[in-house]
Amino acid sequence: MVKFLKKRLAAATGPFGELPPGDVLEVSGGVKPCLFALADVLPSGAYGETWVLLYERELVLVRRAAGALSPAGRFELKTGLSVKIAEGAGGSRFRVVREGILAAELRFSIRQAKRFSKLLHVANARIEGNAEPIPQAGEGFVDEEKTCPKCRRLVPEWADSCPYCLHRRRILMRLASYTRRYPLLIGAGMGAAVAGTLLQLVPPKLTKVLINDVLTPSPHRNEGLLWPLVIVTAVVIVLRVALQKVRLKNLAVLSEYVTHDLRVAVFDHLQKLSLAYYSKKPTGGLISRITSDTDRLWDFIAFGVTEVVISLIVIVGAATVMFIEEPVLAALTLIPIPVSLVITAFHVRAMHSILGRLWAKWSNMTSVLSDVIPGARVVKAFTQEKRESGRFTNRSRVVADDAMNLHTEWTNYWPKLSLLLSAGTLIIWSYAGPRIVGGAFDLGSFVMFLGYVAMFYGPIEHLGMMNRMFQRATTSAHRVFSVLDTPPTIYTPHKTVPCGEFKGAVEFDRVSFSYDGIKRVLQNISFRVEPGEVIGLAGPSGGGKTTLINLICRFYDPVEGRVLVDGVDVRRRDLHELRRNIGVVLQEPYLFRGTVTENIAYGNPGASPGEIIEAAKAANAHDFIVGFPDGYDTMLGERGQTVSGGERQRLSIARAILCNPKLLILDEATSSVDSKTEMKIQEAIDRLVKGRTTIAIAHRLSTLRKAHRLMILDKGKLVEQGTHEELMAADGLYAGLHRTQSELHSLFAV
Amino acid sequence: MKDKEKPEPPKVGPADLSIRREADGGLALLPPGGGEPLAGVRVARCFPWTRPDSYISVRDEAGREISLVPDLGELTPDTRREIEAELVAQEFIPRIVAVHDVEDRFDVMIWNVETDRGPVELQVKNAEDVHQLDDGRVVVRDHAGGTFVATPSELDPRSRRILDERCG
């Protein structure tokens, strides 16, 4: 009963699908709601179940108490009603207020928050009489986390489908399909593995013949066999070593090729994915898929798979030979094997858990290092050296203490395994010894059995680890494949509109945009920019300036409306052609590792040295570049020449000039540089802007004054438009911003 | 400019603070000198983990402070009752009273726990989402950002062992 209840609750409080449970639907009237949410906390603070269903014209509440459902409220969506969310820690309250009076208050935990926020947005729009479209999951939306339809559990961020419910075998088959391109390598490798392993079984058998037929004094002793046996043994040994080499080499090469293919495929695919994908996934995670996940797969293909195969062949092969020779002794000798496999499996599990914990404590310790070493100045300035040493000592001791568990575990495991396998030896001795003395058992078989038992150590260890190894490999493979399976959301359509010469006219036609599907970052924006016009974008931070620029470059597509360049919707243009004609100078210019030349010519790698110098001169960068000891060949980026913020800016301006774009996007840096540098940058920008359509996010008053037209964005809306003079005269938002900045400037001038 | 529209809220000492519950469910400040009640008042703990019951900040809708209450005892009984009720009602941080089991599934840990609010299943993404405070309490953060707290010394031995195994 308790278990049943627990299951029910987990299902109710857990994530759910497209529809509320059927019985809830029935109570509410049987019609599918537009949106719904679950208030999972009772007024008392205990977990409970109250469903909120939003329909076209009304909001319905259904409560479940003691297993029975009952309607808990019904509110018509009309003026006078309002819904609110009062946010708190770990949970919030959803309030329905009618004519200023609280009509219902529901509590929900944070896991229901996204649903409620969506519902609130739509419900309030409906009350105001707007037919607000229901935000759908999909392009451009960060929706709720995905859950598995089968087990209802969270699907990890990196996966498209629940890795738990997905058949492991299917992933492994897909991985195997990558090896099919190299039939020779895989054939030779696996063939050599099998042949080599079978050969491994031969020497003990030869030993038996040697002892029984050659060495033991008896009437049918055959001394002539001695040298042939030695030669055969030698051949077997040489052959085995040769086959081992063939196996290792071919499989290592094979998995190198396969992982190379995978790495390249993932990287290629990542380049095709839109910025939205990158902003959703942490960079470190993406990097590790290309590096450590493929590396783990390399290990798996090169060694993991074959080791399992070899281990099985050894155990089964040796057991078979033993059974053929002496069935009774074979059965007795093999008794410890299953026991050791179980012990090993437990050992691997325990090790995994200990290592996981140890890793957490280890990173806890290293976090002190990454804190204190870069912060050495602060530590010294506040004379906290002693305390930091104490902190480190404590955490280091915790690591050492915990490592003891690790050592206890493996030092316990090995003796157990040795004892068990030695038990095999003892069994052979106690069974064969008396019989040999009595003449009922031959010495050769005795030695042969001892030889086979010694072979069991390695394979048992490998088989014990098999499960975990397969699981790790499947996880890695799944991670890699899930990148490959993500379709790019922004792509060139099959039929593009041919555009002729790029002129650089930009038009926004009732554009709205949202990153998360809930909050509108741009709302119904319309404007037109003529070729050659210089537009200054200004407004408080968070107003939507950067988003607007992202839409022009088509890093994202609008949720509603159209962005047109030269009169053609950007979604119908060739993406590469579009971006090639747009030059971008970003606020924090990104310099790649490479020389100054490579960085300037990034968008135009075929540029001649003359053109590069020309661009650098126009950007006022030539003089400082020549001042570097290595001139244009100076290495930039990590561990390269350090460049100041102003120099960085001018390098990126040179980069943009060299591309000769018709449409220029400028995101001016907010950080202040000294006035001389400022002047140089300004000069460079003036040259850059000449003859191009320019849309600049501007902070400098000088840039703003020079713009043909200013557009002021606030809270996603285009609130003011006009020249500097016009806006100053209007005395609106821009005039206010301008005054604050002027004051700031005069402050510095003093 | 937005700031101009909404005047700065009054600064009120704890002893003069008068907060009442409005008909719409929200809190409102009754200004000490009389006048219109100021709706949309919020309360927040300054040290929710280390000293939850001292230093309560009372703020207006825009997050500007009206009063900083070092000790709830300095308040008038009515105001204190409203603030305490609000603090309790706006929080949802279940206390873990037993850990049934923790299951590893690829990159997600499934915690099956009993809390003071009822049984619940937590999906925890990273090992770092389980961490111990200096006072020994263990904080578990689930995938949705929910916070759950356990005090190991109050748990049964089995729960304690599982918790210890999972806590870095």
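Note that this is a predicted model, so its numbers are computed, not measured.

A. A look at the overall build of chain B. A count of helical and extended segments in chain B gives three helices and eleven strands. Listed N to C, the secondary structure of chain B is α-β-β-β-β-β-α-β-β-β-β-β-β-α in terms of helices and strands. Of all 168 residues assigned to chain B, the portion counted as buried reaches 45%. The contacts of chain B with a sequence gap of at least 6 include a subset with a gap of at least 24, amounting to 37%. With the model as given, the accessible surface of chain B reaches about 8,400 Å², and the carbon-plus-sulfur share is 48%.

B. Structural context of the overall build of chain A. Helix and strand content of chain A: 25 helices and 19 strands. Looking at chain A as a whole, 44% of its 750 residues are labelled buried. Across chain A, every contact between residues at least 6 apart in sequence was considered, and the portion connecting residues at least 24 apart equals 68%. Of the roughly 38,200 Å² of accessible surface on chain A, a fraction of 60% belongs to carbon and sulfur atoms.

C. Region of the structure containing the side chain of Asp 129 of chain B. Looking at where Asp 129 of chain B falls in the secondary structure, it is placed in the loop between strand E8 (118-124) and strand E9 (130-132). Apart from the residues within four sequence positions on either side, Asp 129 of chain B is in contact with Val 124, Val 139, Val 140 and Arg 141 of chain B.

D. Just a nonpolar patch on the surface, in detail. Judged by side-chain polarity, Trp 227, Val 230, Ile 231, Val 235 and Leu 239 of chain A come together as a nonpolar surface patch covering roughly 510 Å² of accessible area. For Trp 227 of chain A, the position within the fold is in helix H7 (residues 226-272).

E. Looking closely at the nonpolar core. Residues and elements named next belong to chain A. Of all hydrophobic cores here, the largest spans 41 residues; its most connected members are Val 596, Ile 600, Ile 625, Leu 651, Ile 653 and Leu 688. In terms of residue count, helix H21 (residues 645-659) provides more of this core than any other element does, six residues in total. Shared between two domains, this core holds at least three residues of each, these being domain 3 (502-581 + 661-750) and domain 4 (587-660). Excluding its chain neighbours within four sequence positions, the residues that come into contact with Ile 625 are Val 596, Ile 600, Ala 616, Gly 631, Tyr 632 and Leu 651.

F. Region of interest: the sheet that holds strand E11 (residues 560-565) of chain A. All names here are of chain A. Pairing within the open sheet is antiparallel, and its four strands lie in the order E9-E8-E11-E12. At either margin of the open sheet sits one strand with a lone partner, and together these are strand E9 (522-529) and strand E12 (568-569). One ladder, built from five bridges, connects strand E8 (residues 506-513) with E9; its direction is antiparallel. Within E9, the position partnered with Val 506 by the bridge is Val 529. Helix-sheet contacts for helix H16 (residues 545-552) involve E8, E9 and E11, and the interaxial angle to E8 is about 120 degrees.

G. The arrangement of the pairing of strand E7 (residues 108-115) of chain B in detail. Residue and element names in this part refer to chain B. Across the eight residues of E7, seven count as buried, placing the element largely inside the fold. Of the pairings in the sheet, the one linking E7 to E8 comprises seven bridges and is antiparallel in character. Bridge assignment links Val 113 to a residue of E8, and that residue is Val 120. The antiparallel pairing of E7 with E8 creates a hairpin that spans two residues between the two strands.

H. Broad picture of the packing of aromatic side chains. Evaluated as defined, the whole model comprises 14 aromatic pairs over all chains. A centroid spacing of 5.4 Å and a plane angle of 85 degrees characterise the contact between Tyr 47 of chain A and Phe 92 of chain B, whose relative ring orientation is edge-to-face. Of this pair, Tyr 47 of chain A sits in strand E2 (residues 47-54) while Phe 92 of chain B sits in the loop between helix H2 (77-89) and strand E6 (95-105), on two different chains. What makes Tyr 47 of chain A buried here is its relative accessible area of 9%. According to the relative accessible area criterion, Phe 92 of chain B is buried, its value standing at 3%. Measuring from ring centre to ring centre gives 4.7 Å for Phe 508 of chain A and Phe 527 of chain A, while their planes differ by 15 degrees; the resulting arrangement is stacked. Of this pair, Phe 508 of chain A sits in strand E8 while Phe 527 of chain A sits in strand E9; the two residues are 19 residues apart in sequence, bridging distant segments of the chain.

I. The pairing of strand E3 (residues 58-65) of chain A, seen in detail. All names here are of chain A. Two strands pair when backbone bridges link them, and E2 and E3 are joined in this way by six bridges, in the antiparallel orientation. Each residue of the ladder has a partner; that of Glu 49, found in E3, is Arg 64. In sequence, E2 turns back onto E3 through a hairpin of three residues. Pairing of E3 with strand E4 (residues 68-76) involves eight bridges; the strand directions are antiparallel.

J. Representation of the packing of helix H5 (residues 183-200) of chain A against H7 of chain A within the structure. All names here are of chain A. Look at H5 against H7: their axes get within 8 Å of each other, and the N-to-C directions meet at 150 degrees. Taken together, H5 and H7 sit at an angle that is classed as roughly antiparallel. Of the two elements, H5 crosses H7, and the hand of that crossing is left-handed. Residues Leu 185, Ile 186, Ala 188, Gly 189, Met 190, Ala 192, Ala 193, Ala 195, Gly 196, Leu 199 and Gln 200 of H5 pack against Val 236, Leu 239, Arg 240, Leu 243, Val 246, Arg 247, Asn 250, Leu 251, Val 253, Leu 254 and Tyr 257 of H7.

K. Layout of the sheet that holds strand E19 (residues 717-722) of chain A. Residue and element names in this part refer to chain A. Reading across the sheet, the six strands line up as E13-E16-E17-E10-E18-E19 and stay open at both edges, with mixed pairing between neighbours. Each of the sheet's edge strands pairs with one partner strand only, and the pair in question is strand E13 (582-585) and E19. Across the sheet, the mean angle from the axis of one strand to that of its neighbour is 20 degrees, orientation sign disregarded. Judged from the four bridges that link them, strand E10 (residues 534-538) and strand E18 (residues 709-714) form a sheet pairing that is parallel. Of the residues in E18, the one forming a bridge with Ile 535 is Arg 709. Most of the contacts of H16 go to strand E16 (residues 663-667), to which it runs at about 155 degrees, and overall it touches E10, E13, E16, strand E17 (693-697) and E18.

L. Representation of the side chain of Thr 294 of chain A in the model. One can find Thr 294 of chain A in helix H9 (residues 283-325). Other than its neighbours up to four places away in sequence, Thr 294 of chain A contacts Thr 259, Leu 262, Arg 263, Arg 289 and Val 480 of chain A.

M. Geometry of the packing of H7 of chain A against helix H15 (residues 457-484) of chain A. Residues and elements named next belong to chain A. Put simply, H7 and H15 touch, their axes get as near as 9 Å, and they point 40 degrees apart. On the basis of their axis angle, the class for H7 and H15 is oblique. The interaxial crossing formed by H7 with H15 has left-handed handedness. In this structure, H7 contributes Leu 262, Ala 265, Val 266, His 269 and Leu 270 to the contact, and H15 contributes Val 480, Phe 481, Val 483 and Leu 484. Its residues assigned to classes, the contact of H7 with H15 shows eight nonpolar, one polar and no charged.

N. Representation of helix H3 (residues 157-166) of chain B. Among all positions of H3 of chain B, only Ser 159, Ile 162, Leu 163 and Arg 166 of chain B are buried. Take H3 of chain B and look down its axis: the buried residues cluster within an arc of 100 degrees, on one side only.

O. Region of the structure containing the environment of Gly 561 of chain A. All names here are of chain A. Here Gly 561 shows up in strand E11. By relative accessible area, Gly 561 is classed as partly exposed at 28%. Separated by 38 residues in sequence, Gly 561 and Gln 523 place their C-alpha atoms 9.9 Å apart. Setting aside residues no more than four positions away along its own chain, Gly 561 makes contact with Asp 509, Arg 510, Val 511 and Arg 571.

P. Structural context of the confidence of the model for chain A. Residues and elements named next belong to chain A. Averaged over every residue, the pLDDT of chain A is 81; residues scoring 70 or more account for 89%. Note on residues 1-16: pLDDT under 50 across the span, and 27 contacts to partners over four residues away in sequence or across chains. This model gives residues 136-143 a pLDDT under 50, and the stretch forms 16 contacts once residues within four places in sequence are excluded.

Q. Structural view of unusual backbone geometry. Residue and element names in this part refer to chain A. In the Ramachandran plot, Ala 66 falls in the positive-phi region, its phi being about 50 degrees despite a non-glycine side chain. When you line up the elements, Ala 66 lands in the loop between E3 and E4. Residue class for Ala 66 comes out exposed when judged on its relative accessible area of 89%. At Asp 566, a position not held by glycine, the phi torsion is positive, near 50 degrees. Mapped onto the elements of the fold, Asp 566 is located in the loop between E11 and E12.

R. Representation of H16 of chain A within the structure. Residue and element names in this part refer to chain A. With respect to burial, H16 is a largely interior element, seven of its eight residues being buried. Along H16, the residues classified as buried are Lys 545, Thr 547, Leu 548, Ile 549, Asn 550, Leu 551 and Ile 552. Two residues or fewer past H16, Arg 554 is found with a positive phi of approximately 60 degrees.

The rules we used
- Residues numbered from 1 in each chain as written.
- Chains lettered and ligands numbered in written order.
- Predicted model: local features only at pLDDT ≥ 70, side-chain atom pairs only at ≥ 80, totals over all residues.
- Heavy atoms only, no water.
- Helix = DSSP H or I, 4+ residues; strand = E, 2+ residues; numbered from the N terminus.
- Buried < 20%, exposed > 50% of the residue type's maximum accessible area, 1.4 Å probe, protein only.
- Contact = heavy atoms within 4.5 Å.
- Areas by Shrake-Rupley, 256 points an atom, 1.4 Å probe, with all protein chains shown as cover.
- Patch = residues over 30% accessible without salt bridge, like charges linked within 9 Å, V, L, I, M, F, W, Y side chains within 5 Å.
- Salt bridge = Lys/Arg side-chain N within 4 Å of Asp/Glu carboxyl O.
- Core = buried A, V, L, I, M, F, W, Y, C linked by side-chain atoms within 4.5 Å.
- Domains from an automatic or database assignment.
- Pairing = 2+ DSSP bridges.
- Axes fitted to C-alpha atoms, helices over the stretch in contact; angles between N-to-C directions.
- Phe/Tyr/Trp six-rings, centres within 6.5 Å; stacked < 30°, edge-to-face > 60°.
- Parallel < 35°, antiparallel > 145°, perpendicular 65-115°, else oblique.
- Left-handed = near helix turned anticlockwise from the far one by under 90°.
- Nonpolar A, V, L, I, M, F, W, Y, C, P; charged D, E, K, R; others polar.
- Arc of directions from axis to C-beta.
- pLDDT = per-residue confidence, 0-100.

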